[in-house]
Amino acid sequence: MRYFIITLALGLGALRLASAPNPATIRFENIATKAGVKFITRNSPTPNKNQIETMVAGVALLDYDGDGWLDIYLVNGAAIPSLQKESPDYWNRLYRNNHDGTFTDVTERAGVAGAGYGMGVAVGDYDNDGRPDIFLANVTGNQLFHNNGDGTFTDVSKAAGVNDPNGYYGMSVIFSDFNNTGRPDIYVANDSTPKFLYKNLGNGKFQEIGLESGTAVSEDGSEQASMGLAVGDYLHNGRPSLFVTNFSDEYGNLFRNDGAWNFSDVSYKSGVALPSLPYVKWGTTFFDADNDGWLDLIVVGGHVYPQVDSLPSGARYQEPKVLELNQKDGTFCDASEQAGPALRIPRVSRGLAAGDLFNDGNVDIVVEDLTGEPMILRNSGVPGRHWVSFELQGTSSNRLAIGARIGIVADGMTQTEEIHSGGSYLSQNDLRVHFGLNTATRIDSVTIRWPSGKMETLKNLDADKFYSVLEGHGTVSPEKIRPAAPVAANDKNK
Ligand SMILES: [Ca+2]
Ligand SMILES: [Ca+2]
Ligand SMILES: [Ca+2]
């Protein structure tokens, strides 16, 4: 079950401590039912305990229709042994954001039900038309859905050369521009079979170069499970550090990036190892849960087979989630108990994605379970904390600006973030870049390193806003970076 992906105290004392440095309580509420997301993951468990039935599935947060509001895509399994979506019960589902806290199932019209037994999902723009496309890693052959810009997608897997005739177990997938051409490539981590690296040839086609590139198989036989991955500058040192989730009794690894390709395992020292040690850990991400300007960490768990409940080990099939708040000194504090009961409800969780679903400046979390309903964890935010969000579009760079790095300075605090495609466990975070600003109401400067290598600086921006930035043009109106529906004239002008 090993794969790896490349990219790559709150609470109760608050009133008594009114003069202390703002020990605010952060809360997450599960609003999946209220939001109208009636999704059921069907992993089709069998007495044979096939490995695939323990691993589904990923979540993607993407704005597929370009209205500025995140939509939700949930991947589903299939019937066993056929490995086919024998009825709509097995469909992957796309939920369009209605801007009022609810979502509408648009799967059928969008044409993204998928085929076969799904696993992972990532979002990228393979043809650089500015619209996010969906890549699915399936057990039964991968699928690439081209976003047509009119609310529909077309399955272009065969034409683009990314279908997988060998039917390797697709696991985690990530879009990244590995060779700095400005065009995103695709990496697929397959379980127990060679991994795929798809080089983007720039003509709408990909070439699979896993073996030649040395990324198809690992050189050592280390048996850590390595299910999920998070990347973030949690120390404000300008370098992305790595967090990797593992099996129970294998602690989650926090690898601090010390620069010059030196990483230190600070899992215990930072306090992140212990809270989730007993759990089988999957989806994870860095995100600023409380908008204090420091990246926090969430980890979701769930054991592999329900039979574990009858073993004397004490392990349980359903496990709670763990939220760890950044203490601004290189350590994290386990805030899982303070953040509302939803996080502590034991579930068998897998995929996880983060994004501001309601455009209120608080980053929410969507979690898909191995079986049953997903959780949409709405973040109620911390009053008085400010934030800013950036949506980027490249011109010389790839249009979704995958790989761009943004640094901001506000009230003396410097933060950096990157735009990633894929990550977590089989999942896709919001492509917009969110920063918590604590009490700062202005951003002194924003520095963008575009994937093309160009640098761009913006000065004196107001907090609590969404900014659209077009490479070389600074901030622009959102319409400028969201392509309109395709018309024949546009195609002629290309
Ligand atoms: Ca949308
Ligand atoms: Ca596209
Ligand atoms: Ca924080």
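Assigned secondary structure in the chain consists of five helices and 32 strands. In the chain, which comprises 494 residues, the proportion classed as buried is 51%.

In this structure, Ala-60, Ile-72, Tyr-73, Val-121 and Ile-134 are the most contacted members of the largest nonpolar core, which totals 115 residues. Tyr-73 has contacts with Ala-60, Leu-62, Asn-92, Leu-94, Val-112, Val-121 and Ile-134, leaving out every residue within four places of it along the chain.

For the rest of this paragraph, the subject is the sheet that holds strand 15 (residues 241-245). Across the sheet, which stays open at both edges, the four strands sit in the order 14-15-16-17 with antiparallel pairing between neighbours. For this open sheet the edge positions go to strand 14 (228-232) and strand 17 (262-265), each flanked by a neighbour on one side alone. If you compare each strand with its neighbour and ignore which way they point, the axes differ by 25° on average. Pairing between strand 16 (residues 253-259) and strand 17: four bridges, direction antiparallel. Looking across to strand 17, one finds that Arg-256 is bridged to Ser-264.

This paragraph deals with the sheet that holds strand 18 (residues 281-287). In space, the four strands of this open sheet follow the order 18-19-20-21, with antiparallel pairing throughout. What marks the edges here is a single partner per strand, and that holds for strand 18 and strand 21 (332-334). Neighbouring strand axes in the sheet, compared pairwise and without regard to direction, differ in orientation by 20° on average. Pairing geometry for strand 20 (residues 322-326) and strand 21, over three bridges, is antiparallel. Across the sheet, Glu-324 pairs through a bridge with Asp-334, a residue of strand 21.

Attention now goes to the pairing of strand 19 (residues 296-301). With respect to burial, strand 19 is a largely interior element, six of its six residues being buried. Alternating residues of strand 19 divide into Asp-296, Ile-298 and Val-300 and Leu-297, Val-299 and Gly-301, and every residue in both groups is buried. Here strand 18 runs beside strand 19; their pairing, made up of five bridges, is antiparallel. Bridged to Lys-281 within strand 19 is Gly-301. Pairing geometry for strand 19 and strand 20, over three bridges, is antiparallel. What sits directly across from Val-299, in strand 20, is Val-322.

Sheet analysis places strand 26 (residues 405-410) next to strand 29 (residues 442-449), joined by five bridges and oriented antiparallel. Paired with Arg-405 across the strands is Arg-449, a residue of strand 29. Looking at chain direction, strand 29 and strand 30 (residues 455-462) are connected through seven bridges and run antiparallel. Residue pairing for strand 30: Val-446 is matched across the bridge by Leu-458. Connecting strand 29 to the antiparallel partner strand 30 that follows it, the hairpin turn spans five residues, and Gly-453 within it adopts a positive phi of roughly 100°.

Before going further, it helps to spend a moment on the environment of Glu-418. By secondary structure assignment, the location of Glu-418 is in strand 27 (residues 413-418). For Glu-418, a count of 18 C-beta atoms within 10 Å puts it in the partly exposed group. Residues Glu-418 and Ile-406, spaced twelve residues apart in sequence, show a C-alpha to C-alpha distance of 6.2 Å. Residues within four places of Glu-418 in sequence aside, it is in contact with Val-231, Pro-240, Gly-403, Ala-404 and Arg-405.

Looking now at unusual backbone geometry. For the bond from Val-56 to Ala-57, the omega torsion is 10°, close enough to zero to count as cis. Mapped onto the elements, Ala-57 comes out in the loop between strand 1 (28-30) and strand 2 (59-62). Put simply, Ile-80 and Pro-81 share a cis peptide bond, and its omega is 15°. Along the chain, Pro-81 turns up in the loop between strand 3 (71-74) and strand 4 (93-97). Positioned with a positive phi, Leu-83 is a non-glycine residue whose angle comes to about 55°. Inspection of the secondary structure puts Leu-83 in the loop between strand 3 and strand 4.

So, about the environment of Glu-108. Structurally, Glu-108 can be placed in helix 1 (residues 107-110). In this structure the C-alpha to C-alpha distance between Glu-108 and Pro-88, which are 20 residues apart in sequence, comes to 9.6 Å.

Below, the discussion takes up the confidence of the model for the chain. The pLDDT averaged across the chain works out to 85; a share of 84% of its residues lies at or above 70. In the model, residues 217-224 has pLDDT below 50 throughout and makes five contacts with residues more than four positions away in sequence or in other chains. Contacts from residues 489-494, a stretch scored under 50 in pLDDT, to residues over four places away or in other chains number one contact.

Moving on, we come to the environment of Phe-287. Take Phe-287: it is sitting in strand 18. According to the C-beta neighbour criterion, Phe-287 is buried, with 22 such atoms within 10 Å. Sequence-wise, Phe-287 and Leu-325 are 38 residues apart; in three dimensions their C-alpha atoms are separated by 9.7 Å. Apart from residues no more than four positions distant in its own chain, Phe-287 is found in contact with Leu-295, Asp-296, Ala-354 and Val-363.

The rules behind these values
Residues numbered from 1 in each chain as written. Chains lettered and ligands numbered in written order. Predicted model: local features only at pLDDT ≥ 70, side-chain atom pairs only at ≥ 80, totals over all residues. Helix = DSSP H or I, 4+ residues; strand = E, 2+ residues; numbered from the N terminus. Buried ≥ 20, exposed ≤ 12 C-beta atoms within 10 Å, placed from the backbone. Core = buried A, V, L, I, M, F, W, Y, C linked by C-beta atoms within 7 Å. Contact = placed C-beta atoms within 7 Å. Pairing = 2+ DSSP bridges. Axes fitted to C-alpha atoms, helices over the stretch in contact; angles between N-to-C directions. pLDDT = per-residue confidence, 0-100.

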